[in-house]
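Chain and residue survey
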Amino acid sequence: VQLQASGGGLVQPGGSLRLSCAASGSIFSINAMGWYRQAPGKQRELVAAITSGGSTNYADSVKGRFTISRDNAKNTVYLQMNSLKPEDTAVYYCNAYLSTGWGTKDYWGQGTLVTVSS
């Protein structure tokens, strides 16, 4: 199983970015997908998550600015980030809690850097 993330980059404060993460491999089902981030010197934290049924959960710091969505047919999760702030600067990791022939567990993408700076 592989999770391939893309869409990071440099953006000015107030700008927008869209992250994508596609899961591939011998996947039976994907229960939940989400995005975490880790800023320098800080612990990794949950940004947003979405279940297979579409229920979502957001960190308080991103509510109203970020939107998570997924395309179940493509095993892909998206994170639309608007009104970005310098404190959103971090490496963003996608996560999927999914089932294969070997069981159910968490998988992680390689991380994509988001830098918010003027």
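Residues numbered from 1 in each chain as written. Predicted model: local features only at pLDDT ≥ 70, side-chain atom pairs only at ≥ 80, totals over all residues. Heavy atoms only, no water.

1. Some words on the state of the cysteines
Where we set the bar: Defined by distance alone, a disulfide is two cysteine sulfur atoms within 2.5 Å. Under the DSSP-based scheme used, a helix requires at least four consecutive residues in state H or I and a strand at least two consecutive residues in state E, with every element numbered from the N terminus. Residue exposure (1.4 Å probe, protein chains only): buried if accessible area is under 20% of the type maximum, exposed if over 50%, otherwise partly exposed.
What the rule picks out here adds up to one disulfide. Sulfur-sulfur distance for the disulfide between C21 and C94 comes to 2.0 Å. Handedness here is read from the sign of the S-S torsion; for C21 and C94, about 40°, the answer is right-handed. With a gap of 73 residues between them, C21 in strand β3 (residues 17–24) and C94 in strand β9 (residues 90–100) connect regions that are remote in the sequence. Pair check on accessibility: C21 and C94 agree, each one buried.

2. Considerations on the packing of aromatic side chains
Selection rule: Note on aromatic contacts: the rings of Phe and Tyr and the six-membered ring of Trp form a pair at centre separations within 6.5 Å, being stacked when their planes are under 30 degrees apart, edge-to-face when over 60 apart, and tilted otherwise. Comment: the charge-over-ring label is applied if NZ (Lys) or CZ (Arg) is within 6 Å of the ring centre and within 35 degrees of the ring normal.
One pass over the full model with this rule turns up one aromatic pair. Their ring planes at 65° and their centres at 5.0 Å tell us that Y36 and W108 sit as a pair that is edge-to-face. A residue pair is termed long-range when its members are at least 10 positions apart, and Y36 in strand β4 (residues 29–38) and W108 in strand β10 (residues 103–108) qualify at 72 residues. Overall, Y36 belongs to the partly exposed group, its relative accessible area being 24%. Above the plane of the ring of Y93 lies R44, whose end atom (NZ or CZ) is 3.8 Å from the centre. The ring centre of W108 lies 4.8 Å from the NZ or CZ of R44, which sits over that ring.

3. Quick notes on the nonpolar core
Our working definition: Grouping buried Ala, Val, Leu, Ile, Met, Phe, Trp, Tyr and Cys residues that are joined through side-chain atoms within 4.5 Å yields what is termed a nonpolar core. Contacts were defined at the residue level, with two residues in contact if any of their heavy atoms lie within 4.5 Å.
One finds W35, V47, F66, I68, L79, M81 and Y92 to be the most contacted residues of the largest nonpolar core, which totals 32 residues. When contributions to this core are tallied by element, the ones reaching two or more residues are β1 (2–6), β3, β4, β5 (45–51), β7 (66–71), β8 (76–81), β9 and β11 (112–116). The greatest single-element share of this core, amounting to five residues, is contributed by β9. Not counting residues up to four positions away in its chain, the partners in contact with Y92 are L19, W35, Y36, R37, V47, F66, L79, M81, G111, T112 and V114.

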